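In case you want the letters, here they are:
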Amino acid sequence: NVAAEHCCPYILMHMRGTPANMMEHTSYDNLMLNLIHYFSVQIRKAEQAGVKDIIIDPGFGFSKTLDQNFALLSQLDSFWALNKPLLAGLSRKSMIYKTLDTSSEESLNGTTALNMIALKNGAMILRVHDVKAAHQAIALHLKLNAVHKNSKA
């Protein structure tokens, strides 16, 4: 209601439980179908409340195992069906530093690699800690898309 009243964009993020117990809620019948259904219901509620600008955040790291996070990233384009902008918050996530056996502070390269995959798979917004690296990834992604588009013409 507050977002609607003030005409603010609303970022709708998926998470089960609370930050304290969310990792106890990682069981899904079908991760992608469950998330698409969740967002469909929540988008309808937000729109009924008068929210005009809704952004989808699948909630990497929230109520999802390491493997579920990578499955989610690989199928990110499934969210296109919702017809809403997609935000990917991968920066320094445990899915990166645990996989690479490093620390959050040393996971910039992994973050940049996964940000590029997120962009390729449909993310329009990146939530990041390292703005310069993300800006460079976006610039390279845009260049790749422009060249690809022109090569088809």
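Each remark here, short or long, concerns the structure printed above.
In this convention, every chain numbers its residues from 1, walking through the sequence in written order. Local features in this predicted model are restricted to residues of pLDDT 70 or higher, and side-chain atom pairs are both shown and tallied only at a pLDDT of 80 or more, whereas totals for entire chains, interfaces and linings draw on every residue. Only heavy atoms go into the side-chain values, all of them from the structure, while hydrogens and water stay out.

Chemist: Mind showing me how you'd approach the pattern of salt bridges here?
Modeler: Two side chains bearing opposite charge may form a pair once their charged atoms approach each other closely. In what follows, salt bridge is the name for a side-chain nitrogen of Lys or Arg lying within 4 Å of a carboxyl oxygen of Asp or Glu. Within the structure shown, the criterion is met by two salt bridges. Between Glu47 and Lys84 there is a salt bridge; the shortest N-O distance is 2.9 Å. Taken as a pair, Glu47 in helix 2 (residues 31-48) and Lys84 in the loop between helix 3 (66-74) and strand 3 (87-88) lie far apart in primary sequence, 37 residues in all. We count a stretch as a helix when DSSP gives it H or I for four or more residues in a row; a strand needs E for two or more, and each element gets its number in order from the N terminus.

Chemist: Any chance you could explain the side chain of Thr111 here in plain terms?
Modeler: Relative to the elements of secondary structure, Thr111 occurs in helix 5 (residues 108-120). Three labels apply to residues, based on accessible area from a 1.4 Å probe with only protein chains included: buried if under 20% of the type maximum, exposed if over 50%, partly exposed otherwise in between. Using a relative accessible area of 2% as the deciding quantity, one classes Thr111 as buried. Pairing of N or O atoms within 3.5 Å defines a polar contact, subject to two protein rules: one partner must be a possible hydrogen donor and the other a possible acceptor, and residues neighboring in sequence count only if both atoms are side-chain atoms. There is a polar contact of 3.0 Å between the side chain of Thr111 and the backbone nitrogen of Arg92. Whether two residues are in contact is decided by their heavy atoms: any pair within 4.5 Å suffices. Here Thr111 is in contact with Leu90, Ser91, Arg92 and Ile96, once residues within four sequence places are set aside.

Chemist: Would you mind showing me how to read the nonpolar core here?
Modeler: Buried together is how nonpolar side chains tend to be arranged in soluble globular proteins. Counting 31 residues, the largest nonpolar core has Phe39, Ile56, Phe60, Leu76, Phe79, Leu90 and Ala118 as its most contacted members. Secondary-structure elements contributing two or more residues to this core are helix 1 (2-5), helix 2, strand 2 (54-57), helix 3, helix 4 (94-99) and helix 5. Among the elements that make up this core, the one with the highest residue count is helix 2 (seven residues). Setting aside anything within four residues of it in sequence, one finds Leu90 in contact with Phe60, Leu73, Met95, Ile96, Thr111, Leu114, Asn115, Ala118 and Arg127. Nonpolar cores were defined as sets of buried Ala, Val, Leu, Ile, Met, Phe, Trp, Tyr and Cys residues, with membership established by side-chain atoms within 4.5 Å.

Chemist: Where do I start with the packing of helix 5 against helix 6 (residues 131-152) in this structure?
Modeler: How two helices sit against one another is set out by the angle between their axes and by the gap between those axes. In this analysis an axis means a line fitted to C-alpha atoms, helices contributing only their contacting stretch, and an angle means the value between N-to-C directions, from 0 to 180 degrees. Remark: helix 5 packs on helix 6, axes separated minimally by 10 Å, with the N-to-C direction vectors making an angle of 35°. In terms of crossing hand, the pair formed by helix 5 and helix 6 is right-handed. Of helix 6, the residues touching helix 5 (which contributes Leu108, Thr112, Met116, Leu119 and Lys120) are Ala133, Ala137, Ile138, Leu140 and His141. Across the contact of helix 5 with helix 6, the residue classes tally to seven nonpolar, two polar and one charged. It is the rotation of the near helix from the far one that decides the hand of a crossing: anticlockwise by less than a right angle makes it left-handed, clockwise makes it right-handed. Each residue is assigned to one class: nonpolar for Ala, Val, Leu, Ile, Met, Phe, Trp, Tyr, Cys and Pro, charged for Asp, Glu, Lys and Arg, and polar for all the others, Gly among them.

Bear in mind that shape data such as this cannot, by itself, settle questions of function.
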